[in-house]
Amino acid sequence: MLSTHPLASDVDALRTRLEGAVVLPARTPGTRPAGPGTWPSTSVARVEAGALWLDVTGPAYEAGLAPLAGSSPDVGVVGYTLGGGLSWLGRRYGLACNRLIAAELVTAEGQLVRASRHEHADLFWALRGGGGSFGAAVAIEFELLPVREVYAGTLLFPWERAREVMHAWREWTATVPDSVTTSADHAVPADARAPRLPARPRPRGRRRRDRRGRRARCGAAGPAAGARAGDGHFASIAPVGLSHIHMDPEEPVPAVSDSALLDGLTAETIDALVDATGPASGSPLLLVELRHLGGALGRYAGGALSRVDGEYLYFAVGIPIDPSVAAALEAHFAIAGAAVASQASGRHYLNFAERPTDPASFYGEETYARLRRVRARVDPLELFRGNHEIAAA
Ligand SMILES: Cc1cc2nc3c(=O)[nH]c(=O)nc-3n(C[C@H](O)[C@H](O)[C@H](O)COP(=O)(O)OP(=O)(O)OC[C@H]3O[C@@H](n4cnc5c(N)ncnc54)[C@H](O)[C@@H]3O)c2cc1C
């Protein structure tokens, strides 16, 4: 069985589901896999299960290449890729799962198989975004991109300007080309958090903190060509730096979250979201974020989750340090969710769904039915326990 998602909110339900299960550790705590990435050809990485993005982005850069890594260096390459993979280069190059070339996995029958376009093609299709329901992947191979430099960074604004910043960002995203991928959020740095909170994990990397308290923030990445280096907090950087601009925790942190795919983003929705979670709202949420989708992320590319069906992704997260904070967070997820409800499509993005979610909402009806047929063929007794399981048909 595979280990479950560390951020799953319904821990008790999860524990029951895993009773009697054997949890396969993909990585021994405190160690790095011996050979996380090798390069079978000039632009293909072979990465073993258990490797984190931080194991891959550096060696890829040394080879003059970049993977479609997510916003945190601490996320597992295999789980991220099988679940889609939304990166800072996403609007330009699409989801990471579309760059998957092959996966070697142990099936429910105990066989080691290689799935690719030419071998077990239906299983390969399912692995491109279908998640961990189909076997235990021991290694994956994926395409790297010839990106040596990106223009990227973070702009921080005083919390009081959250409304103005979020409106400006919304209007700007309507004008940008596919080569630009951005997000906007309001967040609470540790310094400003309630004194009852325990010390947060030690920050590493290129973090910048606004010591005045909460902040509104825009992060962006695009091609370096034509950019003015050193513009504000932006600069031409090596793609390896993209893992730090979002200032994600770089070690595991307990958290609960909520997310939704939005068909659009009106000025009224921004106002409602800032009213619900911005200055004077009393919101205990650590971060409320909107990621701009579209571009190549919205184009069909042949796998189970080849495109994200939405224009924006809403994500809210908090740290449930005790039952009363956990309850307050749940209440505010409802309030913030209501603020974006008029734009929410009812669909969800697998990798950002960190609470029990109907997997049918990640895919269209036809795709979901096909995924269930693949599951029935490769794991009819539903031996594997992924974070969002596809039931066998
Ligand atoms: C701080 C942070 C930042 C993030 N940023 C992004 C982002 O920018 N873009 C994005 O798309 N996602 C992002 N995510 C979400 C992340 O992609 C998912 O949480 C993903 O499931 C993590 O995979 P994992 O392997 O680290 O976790 P795990 O809990 O180990 O795995 C999660 C699931 O993946 C599957 N899986 C993992 N390993 C295997 C394997 N060897 N074989 C078969 N199935 C397997 C299983 O279904 C498992 O339950 C972020 C998460 C965090 C915590």
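The preceding data block contains the structure.
Reference entry: report on the structure contained in this document. From a predicted model like this one, the values you see are computed outputs, not experimental measurements. (Residues numbered from 1 in each chain as written. Predicted model: local features only at pLDDT ≥ 70, side-chain atom pairs only at ≥ 80, totals over all residues.)

**What to know about the overall build of the protein chain**
Step number 1: Each helix and strand counted, the protein chain has nine helices and twelve strands in total.
Step number 2: Looking at the protein chain residue by residue over its 393 residues, the buried ones come to 47%.
Step number 3: At a minimum sequence separation of 6, the contacts of the protein chain that also span at least 24 residues come to 73%. (Helix = DSSP H or I, 4+ residues; strand = E, 2+ residues; numbered from the N terminus. Buried ≥ 20, exposed ≤ 12 C-beta atoms within 10 Å, placed from the backbone. Contact = placed C-beta atoms within 7 Å.)

**A look at helix α7 (residues 267-277)**
Step number 1: Looking only at α7, the buried set comprises Thr269, Ile270, Leu273, Val274, Ala276 and Thr277. On an axial view of α7, the arc spanned by its buried residues comes to 165°, and they lie on one face. Along α7, the residues that are exposed and aim more than 90 degrees away from the buried face are Ala267 and Glu268.
Step number 2: Contact partners of the buried residues in α7: α6 (162-173), β7 (181-187), β11 (287-292) and α8 (323-340). (Arc of directions from axis to C-beta.)

**A few points about the environment of Ile390**
Step number 1: Among the secondary structure elements, Ile390 is positioned in the segment after α9 (365-378).
Step number 2: Distance from Ile390 to Ala360, taken between C-alpha atoms, is 8.3 Å for residues 30 residues apart in sequence.
Step number 3: Residues contacting Ile390, with those up to four places away along its chain left out, are Gly130, Gly131, Ser133, Pro359, Leu371, Arg372 and Arg375.

**Quick notes on the environment of Thr182**
Step number 1: Within the secondary structure layout, Thr182 lies in strand β7.
Step number 2: Thr182 sits 29 residues away from Gly153 along the chain, and the two C-alpha atoms are 9.7 Å apart.

**Description of the packing of α7 against α8**
The angle between the axes and the distance between the axes are what describe a pair of packed helices.
Step number 1: Running from N to C, α7 and α8 point in directions that differ by 165°, and their axes come no closer than 8 Å. Relative to α8, the element α7 lies roughly antiparallel. For the pair α7 and α8, the crossing hand works out as right-handed. Contact residues: Thr269, Ala272, Leu273, Ala276 and Thr277 in α7; Ile335, Ala336, Ala339 and Val340 in α8.
Step number 2: Of the residues assigned to the contact of α7 with α8, the class counts are seven nonpolar, two polar and no charged. (Axes fitted to C-alpha atoms, helices over the stretch in contact; angles between N-to-C directions. Parallel < 35°, antiparallel > 145°, perpendicular 65-115°, else oblique. Left-handed = near helix turned anticlockwise from the far one by under 90°. Nonpolar A, V, L, I, M, F, W, Y, C, P; charged D, E, K, R; others polar.)

Such coordinate-based values are descriptive only and should not be taken to indicate function.
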